[in-house]
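# Structural characterization, general
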Amino acid sequence: MTEKTEEGIPTMDDTIDGDRREIDGLDARIIELLGQRARVSARIQRSRISAGGPRTVLAREAEVLSHYQQGLGTTGTPIALHVLKLCRGTVPAADAALPTGD
């Protein structure tokens, strides 16, 4: 039950609780979108590798950094770096294809 002041206005705690629920919903959407972005990025990386190209293209990553910086200001760059790191996945070990001697 939402408490209200005598004037019928929701209390500060109720307002904060509602705003926090909204933030929780937004965070859930962001997490889902990051997962979707990682899956698309993995497809692109597989396509590039299959065609004999590099797993990542630094010029493209620079474009992404620029988009985030334009949209979010100076805080956009570190956010973009974390998103790119998340979506790159893991790098196969360079020596994974070498015989182990076993």
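Residues numbered from 1 in each chain as written. Predicted model: local features only at pLDDT ≥ 70, side-chain atom pairs only at ≥ 80, totals over all residues. Heavy atoms only, no water.

Time to look at the overall build of the chain. Check the secondary structure of the chain and you find three helices and zero strands. The buried share of the chain, reckoned over its 102 residues, is 10%. Within the chain, contacts between residues separated by at least 24 positions form 38% of all contacts whose residues are at least 6 apart in sequence. Taken as a whole, the chain presents about 8300 Å² of accessible surface, with 59% of it coming from carbon and sulfur. (Helix = DSSP H or I, 4+ residues; strand = E, 2+ residues; numbered from the N terminus. Buried < 20%, exposed > 50% of the residue type's maximum accessible area, 1.4 Å probe, protein only. Contact = heavy atoms within 4.5 Å. Areas by Shrake-Rupley, 256 points an atom, 1.4 Å probe, with all protein chains shown as cover.)

Our focus in this paragraph is the packing of helix α1 (residues 12-50) against helix α3 (residues 76-88). Between α1 and α3, the least distance of the axes is 8 Å, while the angle of their chain directions is 60 degrees. Taken together, the axes of α1 and α3 are oblique relative to one another. Where α1 crosses over α3, the handedness of that crossing is right-handed. Between α1 and α3, the contacting residues are L34, R37, A38, S41 and Q45 on the first element and V83, L84, L86, C87 and R88 on the second. (Axes fitted to C-alpha atoms, helices over the stretch in contact; angles between N-to-C directions. Parallel < 35°, antiparallel > 145°, perpendicular 65-115°, else oblique. Left-handed = near helix turned anticlockwise from the far one by under 90°.)

Looking now at the pattern of salt bridges. A full pass over the atoms with the stated rule returns three salt bridges. Note that E32 is salt-bridged to R39, the shortest N-O span being 3.4 Å. On the accessibility criterion, E32 (47% relative accessible area) is partly exposed. On the basis of relative accessibility, which here comes to 46%, the residue R39 falls in the partly exposed class. As a salt-bridge pair, E63 and R60 come within 3.2 Å of each other at their nearest N and O atoms. In this pair, E63 and R60 both sit in helix α2 (residues 58-72), three residues apart, roughly one turn of the helix. (Salt bridge = Lys/Arg side-chain N within 4 Å of Asp/Glu carboxyl O.)

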